[in-house]
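Given next are the chains, with one letter for each unit.
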Amino acid sequence: CGRGPGGCRGGRTDMALRCAASLAAGRQPRGPRREGTVRWSSAAKASAVKINEKASREKILTLESMNPQVKAVEYAVRGPIVLKAGEIEKELRKGIKKPFTEVIKANIGDAHAMGQRPITFLRQVVALCTYPNLLDSPSFPEDAKKRARRILQGCGGNSLGSYTASQGINCIREDVASYIERRDGGVPADPDNIYLTTGASDGISAILKILVSGGGKSRTGVMIPIPQYPLYSAAISELDAIQVNYYLDEENCWALNVNELRRALNEAKAYCNPKVLCIINPGNPTGQVQNRKCIEDVIHFAWEEKLFLLADEVYQDNVYSEGCQFHSFKKILYEMGPEYYNNVELASFHSTSKGYMGECGYRGGYMEVINLHPEIKGQLVKLLSVRLCPPVSGQAAMDIVVNPPVPGEESYAQFIKEKESVLNNLAKKAKLTEDMFNKIPGVHCNPLQGAMYAFPRIFIPPKAIEEAKAHKMAPDMFYCMKLLEETGICVVPGSGFGQREGTYHFRITILPPVEKLKILLEKVKDFHIKFLEKYA
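The rules behind each value
- Each chain carries its own residue numbering, running from 1 in the written order of its sequence.
- Two thresholds apply to this predicted model, a pLDDT of at least 70 for residue-level local features and 80 or more for giving and counting side-chain atom pairs, whereas whole-chain, interface and lining totals are computed over all residues.
- With hydrogens and water stripped out, all remaining heavy atoms of the structure feed into the side-chain values.
- Strands here are runs of E lasting at least two residues and helices are runs of H or I lasting at least four, both read from the DSSP assignment and numbered beginning at the N terminus.
- Under the scheme applied here, a residue whose accessible area is under 20% of the maximum for its type counts as buried, over 50% as exposed, and between as partly exposed, the area being computed with a 1.4 Å probe on protein chains only.
- Where accessible areas are quoted, they stem from the Shrake-Rupley method and a 1.4 Å probe; at the residue level, only the protein chains shown are allowed to cover.
- If DSSP finds at least two bridges between two strands, the strands pair.
- Only the contacting stretch of a helix is used when fitting its axis, a line to C-alpha atoms as for every element, and angles between N-to-C directions run 0 to 180 degrees.
- By definition in these notes, contact holds between two residues if any of their heavy atoms fall within 4.5 Å.
- Under the convention used throughout, the expected extent of a helix is 1.5 Å for every residue step, that is, one less than its residue count.
- The directions considered for the arc run from the helix axis to the C-beta atoms.
- Centres within 6.5 Å make a pair out of two Phe, Tyr or Trp rings, where for Trp the six-membered ring is used; the pair is then stacked when the planes are under 30 degrees apart, edge-to-face when over 60, and tilted otherwise.
- By the criterion adopted, a ring carries a charge over it if an Arg CZ or a Lys NZ lies within 6 Å of its centre and within 35 degrees of its normal.
- Cysteine sulfur pairs qualify as disulfides if the two atoms are within 2.5 Å.
- Two helices that cross are described as forming a left-handed crossing if the nearer one is turned anticlockwise from the farther one by less than a right angle, and a right-handed crossing if clockwise.
- In this classification, the charged set is Asp, Glu, Lys and Arg, the nonpolar set is Ala, Val, Leu, Ile, Met, Phe, Trp, Tyr, Cys and Pro, and all remaining amino acids, among them Gly, are polar.
- Residue-level confidence of the predictor, termed pLDDT, takes values from 0 up to 100.

1. Concerning the overall build of the protein
- Helix and strand content of the protein: 19 helices and 16 strands.
- Taking all 536 residues of the protein together, 51% fall into the buried category.
- Looking at the protein as shown, the accessible area adds up to about 25,300 Å², and 51% of this sits on carbon and sulfur atoms.

Pasting the structure below:
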């Protein structure tokens, strides 16, 4: 770059720095004009780029300098297999030919994404809360308007756009308490023990955060079921707590055995301080529904060993098998008598995301925490206040879950029809999935008693295991990746949830419409048979 009218001034270094800045900004630096064009020698360009590279400093945040607890977090439900599915979707949009025309994301319990229709009454109330001018519209029923007005009266400025108390809108917490009392046959519930949350996940993470303490062998141990929902292992990693695995009994329909709890607890005492016991009922990914005797045994064990109980009950509406019934831990705890009810510390969780609602995107939920030390109660509210409040539209959605239309109200008939339709469809699909999997050679699926997933056990031949090792993959990850690449079906490998050594599984949702689910299961069957033939 020579000197001249409009050229770089102030010497070669100044010239090169200006040139570098211009190149970095994606434009040609100004220089002497010859017949309307700017000409640069390759040497000048190289010099400018070299100086620009020197001018850029090292990043402050790198994989080596980042928080190691965050780096240790894994969340299989949206892990590598889902990233690969996203890449394949992009390729399909570009017209790249595949053996399939679409990716079916059966990896996550996202009901509406799979075609489930929203519950009309819930959407009506949230719409009225969001745009109160609709309260004057004759298109909305009076029972929906009544609930919307009540919710808005609990909001600052009568607006869903205002912050709420960190614990949530008071009238909604009252409705949650009333719901729990109805559900549990009159067992008392105090609104002051209710905390509205951003989905159930937010509540679980908050409680774990306040429970974890100590160092070395006194570091908090958290007992979780294996297989488990990866939120738990992710939260434990993030908090640098100690994960204590107890195994569900696959041979006995994924039952929870107290002897297994005791084994896990006693072994863990050698390297940590186990003080939290997590239960998922109905189970995710395993779909089992715990009977009353099992829950009593677990509560007695927690009381005896002085463990804080976490009861993840987000699938409480999703019970399908005959002879199975949902029992809340709170109800059984109360019925076991004051020695238990007044002493066992219990946090229970529910959500708008599952059940018959499937309203994942609203991120609505609640937790009820009982027998919490009064001083800890204040600490918990302080912790929750850091995130100000849960999404207010999610709080409104949660209110309709716990305060739906009742007999005599104009929306009741439609509400019950829609609710029963969703749950009956899920029950049909649960049985269909179990039956179809059990017809495939080398696949075994326990009954889907509840929730919205199957977790079949699959036989993977030794030759396929060796090839998986060569690709540095877990065998079931290798299997699921092949399934995705050959059929477009995205499922989550069992290794992401945990499983006994030498066993392999995958989790698949039962949410697609019946006809689409049949096609999906047939594709899995065809793939599995070919997979066995290839690697046998």
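2. Remarks on the environment of Pro132
- Tracing the chain through its elements places Pro132 in the loop between helix 5 (120–130) and helix 6 (142–153).
- Given the relative accessible area of 31%, Pro132 is considered partly exposed.
- Sequence separation between Pro132 and Arg149 is 17 residues; the distance between their C-alpha atoms is 8.5 Å.

3. Quick notes on the sheet that holds strand 10 (residues 364–370)
- In space, the seven strands of this open sheet follow the order 4-10-9-8-7-5-6, with mixed pairing throughout. The open sheet has two free edges, formed respectively by strand 4 (194–198) and strand 6 (242–247), since each of these has just one partner strand. Neighbour to neighbour, the strand axes of the sheet diverge by 25° on average, direction disregarded.
- Along the sheet face, helix 14 (residues 374–385) touches strand 4 and strand 10 and points at about 25° away from the line of strand 4.

4. Looking at helix 4 (residues 80–93)
- Counted at 1.5 Å a residue, the expected span for helix 4 with its 14 residues is 20 Å, and the 20 Å between its end C-alpha atoms agrees.
- The complete set of buried residues in helix 4 reads Ile81, Val82, Ala85 and Ile88. Along the long axis of helix 4, the arc covered by the buried residues comes to 110°, so they all point the same way. The exposed set on the far side of helix 4, more than 90 degrees from its buried face, consists of Pro80, Leu83, Lys90 and Arg93.
- Immediately downstream of helix 4, the backbone of Gly95 shows phi near 90°, a positive value.

5. Quick notes on helix 7 (residues 170–183)
- Compared with the 20 Å implied by 1.5 Å per residue over 14 residues, the 20 Å span of helix 7 between its first and last C-alpha is a close match.
- Three or more residues of helix 7 are buried, namely Cys171, Ile172, Arg173, Asp175, Val176, Ala177, Tyr179 and Ile180.
- Note on helix 7: the residue one or two positions beyond its end, Gly185, has a positive phi of about 70°.

6. Topic: the packing of aromatic side chains
- Taken as a whole and assessed by the stated rule, the structure comprises 14 aromatic pairs.
- Pairing Tyr334 with Tyr341 gives two aromatic rings, centres 4.6 Å apart and planes at 85°, and the pair type is edge-to-face.
- Each ring, one from Phe455 and one from Phe497, has its centre 5.8 Å from the other, and the planes form 80°; the classification is edge-to-face. Of this pair, Phe455 sits in the loop between strand 12 (453–454) and strand 13 (457–458) while Phe497 sits in the loop between strand 15 (492–493) and strand 16 (506–509), placing them 42 residues apart in sequence. Accessibility assignment for this pair places Phe455 and Phe497 in one class, buried.
- Every member of this aromatic cluster is reached through a ring pair, and the members are Phe437, Phe478, Tyr479, Phe506, Phe527, Phe531 and Tyr535.
- Its guanidinium or amino end placed over the ring of Tyr453, Arg507 lies 3.8 Å from that ring's centre, counting from NZ or CZ.

7. Remarks on the state of the cysteines
- Going through the model one piece at a time under the given rule, you end up with zero disulfides.
- Free of any disulfide, Cys171 has its nearest neighbouring cysteine sulfur in Cys155, separated by 7.5 Å.

8. A short note on the pairing of strand 10
- Where burial is concerned, most of strand 10 is hidden: seven out of the seven residues are buried.
- The alternating pattern of strand 10 places Gly364, Tyr366, Glu368 and Ile370 on one face and Gly365, Met367 and Val369 on the opposite face, and all of these are buried.
- In terms of strand pairing, strand 4 meets strand 10 through five bridges, oriented antiparallel. When the bridges of strand 10 are listed, Ile194 appears paired with Glu368.
- Two elements, strand 9 (residues 346–351) and strand 10, share six bridges in a ladder whose sense is antiparallel.

9. Side note on the pairing of strand 9
- For strand 9, a buried count of six out of six residues is recorded, marking the element as mostly surrounded by other parts of the structure.
- As paired elements, strand 8 (residues 308–312) and strand 9 share four bridges and run parallel to each other. Within strand 9, the position partnered with Leu310 by the bridge is Ala347.

10. Re unusual backbone geometry
- Put simply, Asn281 and Pro282 share a cis peptide bond, and its omega is -10°.
- A cis geometry characterises the amide bond from Asn284 onward to Pro285, with omega recorded as 20°.
- When you line up the elements, Pro285 lands in the loop between strand 7 (273–280) and helix 11 (292–305).
- Phi angles above zero are rare outside glycine, and Trp254 is one such case at about 60°.
- Turning to its location among the elements, Trp254 is positioned in the loop between strand 6 and helix 10 (258–268).
- One non-glycine residue, Lys472, lies in the positive phi region at around 55°.
- Considering the arrangement of structural elements, one finds Lys472 in the loop between helix 17 (462–470) and helix 18 (475–487).

11. Let's talk about the packing of helix 8 (residues 199–211) against helix 9 (residues 231–238)
- Where helix 8 contacts helix 9, the axes come no closer than 10 Å and their chain directions differ by 35°. The element helix 8 and its partner helix 9 pack so that their crossing is right-handed. Of helix 9, the residues touching helix 8 (which contributes Ser201, Ile204, Ser205 and Leu208) are Leu231, Tyr232 and Ala235.
- A per-class count over the contact of helix 8 with helix 9 returns five nonpolar, two polar and no charged.

12. Structural notes on the sheet that holds strand 15
- Sheet architecture is open: three strands sit in the order 12-16-15, paired in antiparallel fashion. Pairing within the sheet leaves two strands with one partner each, and these edge strands are strand 12 and strand 15.
- Bridge analysis of strand 15 against strand 16 gives two bridges, and the strand direction is antiparallel. Paired with Val492 across the two strands is Arg507, which belongs to strand 16.

13. Some thoughts on the confidence of the model for the protein
- Predicted confidence across the protein gives a mean pLDDT of 89, with 89% of residues reaching 70 or more.
- A low-confidence stretch, residues 1–13 stays under pLDDT 50, and its non-local contacts, those more than four residues away or across chains, total 24 contacts.
- Note that pLDDT drops below 50 for residues 31–35; the model gives that stretch ten contacts with residues more than four away or on any other chain.

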